[in-house]
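Tertiary structure, described
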Amino acid sequence: MSLSQMMQNVRADTTRLALGLEFIAITTTDNIPSSLGAHQHGVLFVFAAGVLWSTVGLGIRLIEEAGVWQILLYRSMAMSLFLYVVICFRSGENPFVQLRRTGLPAVVAALSLLAAYSGAIYAIQNTSVANAMLLFATAPFLTAVLAWIVLREPVRRATWIAIVIALVGIAIMVVDKSGNVVLKGSLAALGSAFGFAVFTVALRWGRTSEMLPSVFLSGLFGVIITLAICQLQGLSLITSLNDGSVAFAMGIFQVGAGLILYTIGSRSLPAAELTLLSLAEVLLGPLWVWLFLGETATTNTLIGGAVLLAAIVGNAMSGQRRKPPPITGP
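Residues numbered from 1 in each chain as written. Predicted model: local features only at pLDDT ≥ 70, side-chain atom pairs only at ≥ 80, totals over all residues. Heavy atoms only, no water.

Some words on the overall build of the chain
Within the chain one finds 14 helices and 0 strands. For the chain, the N- to C-terminal ordering of α and β elements is α-α-α-α-α-α-α-α-α-α-α-α-α-α. Across the 330 residues in the chain, those meeting the buried criterion constitute 48%. Here the analysis covers contacts within the chain between residues at least 6 apart in sequence; of these, 88% occur between residues at least 24 apart. Accessible surface computed for the chain: about 15300 Å², of which carbon and sulfur atoms make up 67%. (Helix = DSSP H or I, 4+ residues; strand = E, 2+ residues; numbered from the N terminus. Buried < 20%, exposed > 50% of the residue type's maximum accessible area, 1.4 Å probe, protein only. Contact = heavy atoms within 4.5 Å. Areas by Shrake-Rupley, 256 points an atom, 1.4 Å probe, with all protein chains shown as cover.)

Concerning the pattern of salt bridges
Considering all chains together, one arrives at 3 salt bridges under this definition. Where E295 meets R61, a salt bridge forms, and the shortest distance between an N and an O atom there is 2.6 Å. Separated by 234 residues along the polypeptide, E295 in the loop between helix 13 (271–293) and helix 14 (299–319) and R61 in helix 3 (residues 56–62) bring together distant segments of the chain. Measuring nitrogen to oxygen at the nearest pair gives 2.7 Å for the salt bridge that ties R101 to E93. (Salt bridge = Lys/Arg side-chain N within 4 Å of Asp/Glu carboxyl O.)

A word on the environment of V198
Secondary-structure assignment places V198 in helix 10 (residues 181–205). Sequence spacing of V198 and A109 is 89 residues, and the spatial spacing of their C-alpha atoms is 6.8 Å. Setting aside anything within four residues of it in sequence, one finds V198 in contact with V108, S112 and L146.

Here we look at the side chain of S80
As for its position among the elements, S80 is in helix 4 (residues 68–91). From its side chain, S80 meets the backbone oxygen of S76 in a polar contact 2.8 Å long. Ignoring anything within four residues of it in the chain, the contact list for S80 reads F216, G219 and L220. (Polar contact = N/O pair within 3.5 Å; in protein donor to acceptor, adjacent residues only side chain to side chain.)

As for the packing of helix 4 against helix 11 (residues 212–233)
Axis angle and axis distance: for two packed helices, these are the angle between their axes and the distance between the axes, and together they describe the pair. Two elements in contact, helix 4 and helix 11, have axes whose closest approach is 8 Å; the angle formed by their N-to-C orientations is 155 degrees. Between helix 4 and helix 11, the crossing angle belongs to the class labelled roughly antiparallel. Helix 4 and helix 11 meet at a crossing whose hand is left-handed. Among the residues making up the contact of helix 4 with helix 11, the classes are represented as 18 nonpolar, 8 polar and 1 charged. (Axes fitted to C-alpha atoms, helices over the stretch in contact; angles between N-to-C directions. Parallel < 35°, antiparallel > 145°, perpendicular 65-115°, else oblique. Left-handed = near helix turned anticlockwise from the far one by under 90°. Nonpolar A, V, L, I, M, F, W, Y, C, P; charged D, E, K, R; others polar.)

Examining the side chain of T239
Tracing the backbone shows T239 in the loop between helix 11 and helix 12 (241–265). Overall, T239 belongs to the buried group, its relative accessible area being 13%. Only 3.2 Å separates the side chain of T239 from the backbone nitrogen of G244, close enough to count as a polar contact. Residues contacting T239, with those up to four places away along its chain left out, are A66, Q70, Y74 and G244.

Quick notes on the confidence of the model for the chain
In the predicted model, the chain carries a mean pLDDT of 84, and 83% of its residues have values of at least 70. Below pLDDT 50 for its whole length, residues 22–35 participates in 11 contacts with residues either more than four positions away or in separate chains. Counting contacts from residues 322–330, a segment whose pLDDT is below 50, to residues more than four positions away or on other chains yields 12 contacts. (pLDDT = per-residue confidence, 0-100.)

What about the packing of aromatic side chains?
Scanning the entire structure with this criterion turns up 6 aromatic pairs. Aromatic side chains Y84 and F216 sit 5.9 Å apart centroid to centroid with 45 degrees between the ring planes, which places their arrangement in the tilted category. Taken together, the positions of Y84 in helix 4 and F216 in helix 11 put the pair 132 residues apart, joining distant regions of the chain. Overall, F216 belongs to the buried group, its relative accessible area being 3%. For the pair Y117 and F196, a centre-to-centre distance of 5.9 Å together with 80 degrees between the ring planes defines the contact as edge-to-face. A residue pair is termed long-range when its members are at least 10 positions apart, and Y117 in helix 6 (residues 104–126) and F196 in helix 10 qualify at 79 residues. On the basis of relative accessible area, Y117 is assigned to the buried category, the value being 12%. Residue class for F196 comes out partly exposed when judged on its relative accessible area of 27%. Grouping aromatic residues by their ring pairs yields a cluster made of Y84, F96 and F216. (Phe/Tyr/Trp six-rings, centres within 6.5 Å; stacked < 30°, edge-to-face > 60°.)

Focus on a nonpolar patch on the surface
Where nonpolar side chains cluster on the molecular surface, the patch consists of L104, V107, V108, L111, W205, I224 and I225 and spans about 600 Å² of accessible area. Elements that contribute at least two residues to the nonpolar patch include exactly helix 6 and helix 11. Along the chain, I225 falls in helix 11. (Patch = residues over 30% accessible without salt bridge, like charges linked within 9 Å, V, L, I, M, F, W, Y side chains within 5 Å.)

Below is the structure:
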């Protein structure tokens, strides 16, 4: 199947899915039973987003031949098309108008997100899904430190303690990987987490809580940059039907639909609960590849991961004692 044919086939399905997701979100919000309330509604959507995001490892493992740049090319095309439809439908305006209002922070956020996605794909291809997913979970701690340095945002004492504990967990996870390609995968996973941290700080710098336009822009950058890299490296732009289909599905469902659900659900939840719910992605990711592909994790990954998760949970629980800031829509 050619690239143009695949784009034509996915365009109609993308539009229908985007409108369908938005319709479900709107009707569910308007007609939700009084016994549930906005909080339970938010939990449902954020958890569903975590479930979709957790399939990234399984998706990468199902790729047979395509490399990092080919996967990112196809995923970026599908994600950009999907989010363009969603943003236009939700806001009634072109996403480029929203990006123009945000300015430079949107560009920084988009480029950092592209770097994060690239690192994530490389990491999963070169280390276990469990190891990569657990290292991705360090993003909130990296965000706290980066925001402290760049934006002068204060960091709680409990968070500093959690960061130290997390570093111990990371050291345990990577201590047996020196001199191996797996170490490169672990470093790429940490680099991906740092990319997500830069993305979050850039959004705060731009004083916007709306993620979708910057993610849309990252998809456009992804298409342009990966096309250039593929040309320079002599990589084919045409992949097998399996690899192209998996990459397209990841762009629409794993990234795009997950972001929509998270954006809707996160508005009614405090930051501490969002952190805890995000663990669904970390815990389910290794589960899928174990159930479907039989992939297991090393002892060091399990021990270090347990220490890291303890740090994340402890930091989130300590934050629940503080009155959460009011949540405002974009």
